[in-house]
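# Fold and geometry: a report
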Amino acid sequence: MDEDEEEFHNNNQNGNTSTISAPPPTSAAATSTFIGEDDPFYMFRGDLTKKILLVDQELTTYTTLVQTTDTAVNTHAIKETKKQLKRHIKHAESTLADLETTVRVVERQREKFPHIHDGEMESRKEFVRESKSRINDSKMMMQSEEMKQKFLRDERALTERRRGVVGNNGNGRVTDLEQGNVSTSTNTNNNNNSNGVTNSAERSETMLMMQQQDDTLDDLDLAVTRVGYMAESIHEEIESQNKMLTDLGDDLADAEEQLGVVMGKLAKLLKTKSRCQIGLILILSLIVLVLFFLVLYT
């Protein structure tokens, strides 16, 4: 087990999430029968271990940033960190899908992999299950109710601060004539404060919904970017295949031209231009050769 995998297992044991255990220990002879550097499962497993560690690190950075800063003010840093976290999760999910494919292939064609015994197979399945659970836990923590409530509280606090600034500015312009209606002003202010609290909550929820919509648009942007990369790859592949088809067409044209020359010379030799007769002669000649070898070697 390399250093990344040891760190991965240590992090699992120290955290609250499920631990992804290593395959059960076996003897050196048994290990050499099913573990090899060219085994795709172990190649993808090492890659997945590193990517899940990156997810854990980025998730810690994101949660710390949300919990220790004002999310209503520090929006850019939080948005970039969340985008990076989503990117790491996508990469981990992609590698996990490849890992699951290797397990399914071995499971469906057990006769082709006799060196992978049932215990090793179960260990691989368990690693896949726990890796999937680890990634899902990270996604749930990123979108947890605690995070949403923190965003909502910060938005409400920002709205209250803005209202306080506006209120202070307004109180500074009160004239002596306005001070005569103290009771009426107090009642009006109380009503305004009540309405202001309601409006503040609504504005905070609206801002939170707008942030969620921004996150959805970011996800859509990532998906469109991936589709663009796929389209470029498909375009390059089509161009390559078109070139191959063009070369094949040229080769076929050359072969047809050479075949025409051979047929013409053969027609001269046999004093006939009938393709049917030439073809019949060639077939009969081939049959004679086959019969000759049969008689010779039987």
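Because the structure is predicted, anything quoted here is derived from the model rather than measured.

### Observations regarding the overall build of the protein
The helix and strand inventory of the protein stands at eight helices and zero strands. Listing the helices and strands of the protein from first to last along the sequence gives α-α-α-α-α-α-α-α. Residues counted as buried form 25% of the 298 residues belonging to the protein. Contacts in the protein between residues far apart in sequence, at least 24 positions, make up 73% of those at least 6 positions apart. A total of about 20,500 Å² of accessible surface is found on the protein, and carbon and sulfur atoms cover 57% of it.

### Side note on the packing of helix α4 (residues 75-108) against helix α5 (residues 118-142)
Direction vectors running N to C along α4 and α5 enclose 160 degrees, while the axes themselves pass 10 Å from each other. With respect to α5, the axis of α4 lies roughly antiparallel. Every pair of crossing elements has a handedness; the one defined by α4 and α5 is left-handed. Two secondary-structure elements touch here, α4 through Lys82, Leu85, Lys86, Ile89, Ala92, Glu93, Leu96, Leu99, Glu100, Val103, Val106 and Glu107 and α5 through Met121, Arg124, Lys125, Phe127, Val128, Ser131, Lys132, Ile135, Lys139 and Met142. Within the contact of α4 with α5, the residues separate by chemical class into 12 nonpolar, one polar and nine charged.

### Here's the deal with the pattern of salt bridges
In total, this model carries 13 salt bridges according to the counting rule given. Residue Asp47 pairs with Lys51 through a salt bridge whose shortest N-O separation is 3.4 Å. Pair noted here: Asp47 and Lys51 are both in helix α3 (residues 40-68), with a separation of four residues, about one helical turn. Residue classification places Lys51 among the partly exposed positions, given a relative accessible area of 22%. Measuring nitrogen to oxygen at the nearest pair gives 3.4 Å for the salt bridge that ties Asp247 to Lys243. Here Asp247 pairs with Lys243, and both are found in helix α7 (residues 182-270), just four residues apart, close to one helical turn. Looking at Asp247, the relative accessible area reads 34%, which means it is partly exposed. What emerges from the salt-bridge pattern is a single network uniting Asp39, Glu120 and Arg124.

### A few points about the confidence of the model for the protein
Across the protein, pLDDT averages 75, with 70% of residues at or above 70. Low pLDDT, under 50, characterises residues 12-34; the stretch is placed with 40 contacts to residues that sit more than four places away or in other chains. Here residues 172-188 is a poorly scored stretch, pLDDT under 50, and it has three contacts once near neighbours within four places are set aside; other chains count.

Reading guide: rules and limits
- Residues numbered from 1 in each chain as written.
- Predicted model: local features only at pLDDT ≥ 70, side-chain atom pairs only at ≥ 80, totals over all residues.
- Heavy atoms only, no water.
- Helix = DSSP H or I, 4+ residues; strand = E, 2+ residues; numbered from the N terminus.
- Buried < 20%, exposed > 50% of the residue type's maximum accessible area, 1.4 Å probe, protein only.
- Contact = heavy atoms within 4.5 Å.
- Areas by Shrake-Rupley, 256 points an atom, 1.4 Å probe, with all protein chains shown as cover.
- Axes fitted to C-alpha atoms, helices over the stretch in contact; angles between N-to-C directions.
- Parallel < 35°, antiparallel > 145°, perpendicular 65-115°, else oblique.
- Left-handed = near helix turned anticlockwise from the far one by under 90°.
- Nonpolar A, V, L, I, M, F, W, Y, C, P; charged D, E, K, R; others polar.
- Salt bridge = Lys/Arg side-chain N within 4 Å of Asp/Glu carboxyl O.
- pLDDT = per-residue confidence, 0-100.

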